[in-house]
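Letter by letter, the chains look like this.
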Amino acid sequence: MTALLEARSLRKRFGGIAALEDCSLTVEEGTITALIGPNGSGKTTVFNLVTGYLPADAGTIEFGGQPVRRPEPARLYRMGLSRTFQQARVFTELTLVQNLVAAIQQPRRSLLRAGVGRDDRRRALDVLGRFGLERLADARAGDLSFGQRKLLEFASVLMGRPRVVLLDEPTSGVNPVMIEVMERHIRELHAQGLTFLIVEHDMHVVMRLCDPVIVLDHGAKIMEGPPHVVQRDPAVLDAYLGA
């Protein structure tokens, strides 16, 4: 396999606390890779450094075989690296179509000034249709349920035709039916060639969906391997599963 996303020796401190310490990981193209670990282990910090929402204190990042010296979210989005957040980030006063178009328009204020073009609307409706949201295309995002907002954010990252998507706890806080919906979309998109890196606390989802699984503890990688191996590893059981 080809490494699509690589982080080497990442370090990040917040005051006197080390959030990441010499953390390295690789996401191979064509995988659904899980990033797991106890609360405070550094998972979301990895996402923030890799996608440019926080600067790293040290370490290097490569995407598509090219060094990313100054990660910046909008530029990485255009390059094909997209992410979601633990709490879905949507523009509540905009419609669903406007939310999707806002994901690809820079600066976003041009959307409010010029409106949604015909081609952009067609693309947005196509993406919304994949998620069963087309009938709500012109509804306010603020009127959606929590689970629907998560789907909308997921849909938004696809507007840029990404190569890899980082999902931060996609099933957190949603009902079992929505968990099945999320899993189905991830599997379908993966079958179409999309690569995923997923932070997820639901171990049943991880075991069903992901391979390989990377485990963090205290800001460092302690294990990587197939889910059935990780599930039985003593260090993982001690650090994460509480066995």
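Residues numbered from 1 in each chain as written. Predicted model: local features only at pLDDT ≥ 70, side-chain atom pairs only at ≥ 80, totals over all residues. Heavy atoms only, no water.

*Asks:* Account for the domain arrangement of the protein chain, with residues named and values stated.
*Replies:* Domain parsing of the protein chain yields domain 1 (3-89 + 162-241) and domain 2 (91-143). If you average the C-alpha positions of domain 1 and of domain 2, the two centres end up 27 Å apart. In this assembly, six residues from domain 1 lie in contact with five residues from domain 2. Of the roughly 450 Å² buried between domain 1 and domain 2 on both sides combined, carbon and sulfur atoms contribute 60%. For the domain 1 face of the interface with domain 2, the top three residues by lost area are Y77, H185 and L189, together amounting to 70%. Scanning the region where domain 1 abuts domain 2 turns up zero salt bridges. Put simply, domain 1 and domain 2 have zero residue pairs in polar contact (both at pLDDT 80 or more) between them. Going through the elements one at a time, helix 2 (73-79) and helix 7 (176-191) are the ones with two or more residues in the side of domain 1 that touches domain 2. Of the residues in the side of domain 1 that touches domain 2, the class split is three nonpolar, two polar and one charged. (Domains from an automatic or database assignment. Contact = heavy atoms within 4.5 Å. Buried area = accessible area lost by both parts, 1.4 Å probe. Salt bridge = Lys/Arg side-chain N within 4 Å of Asp/Glu carboxyl O. Polar contact = N/O pair within 3.5 Å; in protein donor to acceptor, adjacent residues only side chain to side chain. Helix = DSSP H or I, 4+ residues; strand = E, 2+ residues; numbered from the N terminus. Nonpolar A, V, L, I, M, F, W, Y, C, P; charged D, E, K, R; others polar.)

*Asks:* I'd like a rundown of the side chain of S82, residues and numbers included.
*Replies:* Counting through the fold element by element, S82 comes out in strand 6 (residues 81-83). Residue S82 is classed as buried on the basis of its relative accessible area of 2%. With residues near it in sequence (within four places) discarded, S82 still touches Y77, V157, P162, V164, V165 and L166. (Buried < 20%, exposed > 50% of the residue type's maximum accessible area, 1.4 Å probe, protein only.)

*Asks:* Please provide a residue-by-residue account of helix 5 (residues 118-130), values included.
*Replies:* Note: α-helices contain 3.6 residues per turn, so residues at a spacing of three or four share the same orientation. Relative to the 18 Å expected for 13 residues at 1.5 Å per residue, helix 5 spans 19 Å between its end C-alpha atoms, a close match to the ideal helical length. Where the residues of helix 5 are buried, they touch helix 3 (96-102) and helix 6 (146-158). Just past helix 5, the residue G132 takes up positive phi, approximately 70°. (Expected span 1.5 Å × (residues − 1).)

*Asks:* Account for unusual backbone geometry, naming residues and giving values.
*Replies:* Note that the residue after D211, namely P212, is joined by a cis bond; omega there is 10°. As for its placement among the helices and strands, P212 is situated in the loop between helix 8 (203-209) and strand 9 (213-217). In this model, S9 sits at a positive phi of 55°, which is unusual for a non-glycine residue. Assignment of secondary structure puts S9 in strand 1 (residues 3-14). Backbone geometry places H218, a non-glycine residue, at a positive phi of 50°. Looking at the element boundaries, H218 is found in the loop between strand 9 and strand 10 (220-225). On the basis of relative accessible area, H218 is assigned to the exposed category, the value being 65%.

*Asks:* Let's hear about the pattern of salt bridges: which residues, and what values?
*Replies:* Two side chains that carry opposite charge are able to pair once their charged atoms sit near each other. Tallying each qualifying case throughout the model produces 16 salt bridges. The salt bridge involving E62 is made with R8; its shortest N-O contact spans 3.4 Å. Of this pair, E62 sits in strand 4 (residues 58-63) while R8 sits in strand 1, and the two are 54 residues apart along the sequence. Across the pair R122 and D119 runs a salt bridge whose closest N-O atoms are separated by 2.9 Å. Of the two residues, R122 and D119 are both situated in helix 5; the distance of three residues between them amounts to about one turn of the helix. Its relative accessible area of 55% is what places D119 among the exposed residues. When salt bridges that share partners are traced, they join E6, R8 and E62 into one network.

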